[in-house]
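These are the residues of each chain, in order.
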Amino acid sequence: MKRREVAIFMEYVIIKHMKTEIVTVDINNIDEKLMERAGVLIASGQLVAFPTETVYGLGGDALDPEASARIYSAKGRPSDNPLIVHIADFSDLERIAQEVPIQARKLAEAFWPGPLTMIVRKNDRVPYATTGGMDTVAIRMPNHPVALELIRKSGCMIAAPSANTSGRPSPTRASHVAEDLDGKIPMILDGGEVGIGIESTIVDLTEEVPMVLRPGYITIEMLSEVLGEEVKLDPGIIASDDTKKPKAPGMKYKHYAPKADMIIVEGEEDAVVSYINEAAERKRSEKVAVAVIAAEETRERYCADIVLSMGRRSREDEIAQHLYGILRQCDELNVGAIFSESFSTPRIGNAIMNRLLKAAGHQVIQV
Ligand code: TXA
Ligand code: MG
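Residues numbered from 1 in each chain as written. Chains lettered and ligands numbered in written order. Predicted model: local features only at pLDDT ≥ 70, side-chain atom pairs only at ≥ 80, totals over all residues. Heavy atoms only, no water.

Colleague: Can you lay out unusual backbone geometry for me, pointing to particular residues and giving the numbers?
Modeller: The linkage connecting W112 with the following residue, P113, adopts the cis geometry, with an omega of -10°. Note on placement: P113 falls in the loop between α5 (102-111) and β5 (116-121). With a phi close to 60°, N334 is a non-glycine residue in the positive phi region. Relative to the helices and strands, N334 is located in the loop between α11 (316-332) and β15 (337-341). Since its relative accessible area comes to 65%, N334 is described here as exposed. (Helix = DSSP H or I, 4+ residues; strand = E, 2+ residues; numbered from the N terminus. Buried < 20%, exposed > 50% of the residue type's maximum accessible area, 1.4 Å probe, protein only.)

Here's what the structure looks like:
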């Protein structure tokens, strides 16, 4: 750790119990005074958690290395894992990128504000503390009135990872943020439940061929259609072993994981239901509490202690929206084993399964 990082770490040891103010923001009638207060916190190097359309973020001034160090410290995140810089105006991209690739203009036009993060080469304005030592920077314009207002009121670009403790599922409600960060940051803006529920798609524009480093709501097909060229998926995130390293440092960490052992069961509906019911029965005889994660359409076919519904399979947006909340619920209910159906839905199935497979440590049974 560098001297400054040590100082900030010590600050947390000393102020172990900072009082965290949790304030409700009406997204249809945003309180200007409140947002100004939140903006001042950011501008003075402090942290504010805020809603975006994907998940809640933990924000700090992106150009202030001390604010970035505070983010890493509050999350318990390894400092080689770079942060996403949130902007409210396209011209901010020009302020921090070495050059703006034509693809970035096209994608911003099509998808910003929205759940898409672009990686470009950074210029000297962006401190290495924010990019985890990398010469590139991840940038996104979120599509949420509270996020955009916070950026504008602070007069800063806001570095924000998901507002969870490192390794825990990303927060989709303010109460999830409070579970992880209460006492560690001065303010949480509660804008209600988020709309999308999984983190933004990340596309790397620094190489010859654009490459998706993290799948999300914006699919490869959508990117490719706008760009009129091929877009690849990082081979490192498909591998279930360590043979290929993912290009986004954050994708290599065990992530989103509930505490209990989790297994995904794949196959025909009848076979999946009987396998899970038998396995749950066996666990019960061993006095292990079991949770089953199922779609709304099939939930009633399970006879386990706890059956959690992800939403209707026919409405894949619901599945994405509920995923992280359900993983957190499994922790709260203190179950010993989790069996989950597979959710390879048509459009964003890749993005959903990427998170679910990580949560299960890639334990999949085909029946
Ligand atoms: O939807 C989202 O993107 C949310 C909301 C708050 O905006 N943010 C989020 O941030 O998910 P975080 O820090 O949890 O995930 C950022 C991911 C990490 O996997 C990180 O390694 C990767 O982006 N990343 C950031 N900068 C990068 C860079 N320059 N090169 C490669 N990967 C990068
Ligand atoms: Mg995260």
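Colleague: Account for α11, with residues named and values stated.
Modeller: An ideal rise of 1.5 Å per residue puts 24 Å on 17 residues; α11 measures up with 25 Å between its terminal C-alpha atoms. Counting buried positions along α11 yields 12 of 17 residues, so the element is predominantly enclosed. Within α11, burial applies to E316, E318, I319, A320, L323, Y324, G325, I326, L327, R328, C330 and D331. For α11, the secondary structure elements touched by its buried residues are α8 (174-181), β12 (261-266), β13 (290-294), β14 (306-309), β15 and α12 (349-359). One or two residues past the end of α11 sits N334, with phi positive at roughly 60°. (Expected span 1.5 Å × (residues − 1). Contact = heavy atoms within 4.5 Å.)

Colleague: Kindly report on the site of ligand 1, identifying the contributing residues and their values.
Modeller: Taken together, the neighbourhood of ligand 1 is formed by 29 residues, with T54, N81, H86, S200 and G250 sitting nearest. R140 is positioned with one of its side-chain polar atoms (N or O) 3.0 Å from an oxygen atom of ligand 1. Across the complex, the protein chains shield 97% of the 680 Å² of accessible surface that ligand 1 would expose by itself. Here the shell around ligand 1 takes four residues from strand β6 (residues 136-140), the largest share from any one element. Class assignment of the residues belonging to the shell around ligand 1 gives a composition of 16 nonpolar, eight polar and five charged. (Near = heavy atom within 4 Å. Polar contact = N/O pair within 3.5 Å; in protein donor to acceptor, adjacent residues only side chain to side chain. Areas by Shrake-Rupley, 256 points an atom, 1.4 Å probe, with all protein chains shown as cover. Nonpolar A, V, L, I, M, F, W, Y, C, P; charged D, E, K, R; others polar.)

Colleague: Account for the packing of α8 against α11, naming residues and giving values.
Modeller: The contact between α8 and α11 brings their axes to 12 Å, and the two run at 50°. In this view, α8 runs oblique relative to α11, as classed from their interaxial angle. Where α8 crosses over α11, the two elements pack in a sense that is left-handed. Along its contact with α8, which presents H176, E179 and D180, the element α11 presents G325, R328 and E332. Classifying every residue of the contact of α8 with α11 gives no nonpolar, two polar and four charged. (Axes fitted to C-alpha atoms, helices over the stretch in contact; angles between N-to-C directions. Parallel < 35°, antiparallel > 145°, perpendicular 65-115°, else oblique. Left-handed = near helix turned anticlockwise from the far one by under 90°.)

Colleague: Go over the pattern of salt bridges, please, and point to the residues and values.
Modeller: Counting across every chain of the model gives 23 salt bridges. Between E21 and R37 there is a salt bridge whose closest N-O contact spans 3.0 Å. In this pair, E21 is assigned in strand β1 (residues 21-24) and R37 in helix α2 (residues 32-43), connecting sequence segments 16 residues apart. Judged by its relative accessible area of 41%, R37 is partly exposed. Salt bridges here are not isolated pairs; linked through shared partners, they connect R168, E179, D180, R328 and D331. (Salt bridge = Lys/Arg side-chain N within 4 Å of Asp/Glu carboxyl O.)

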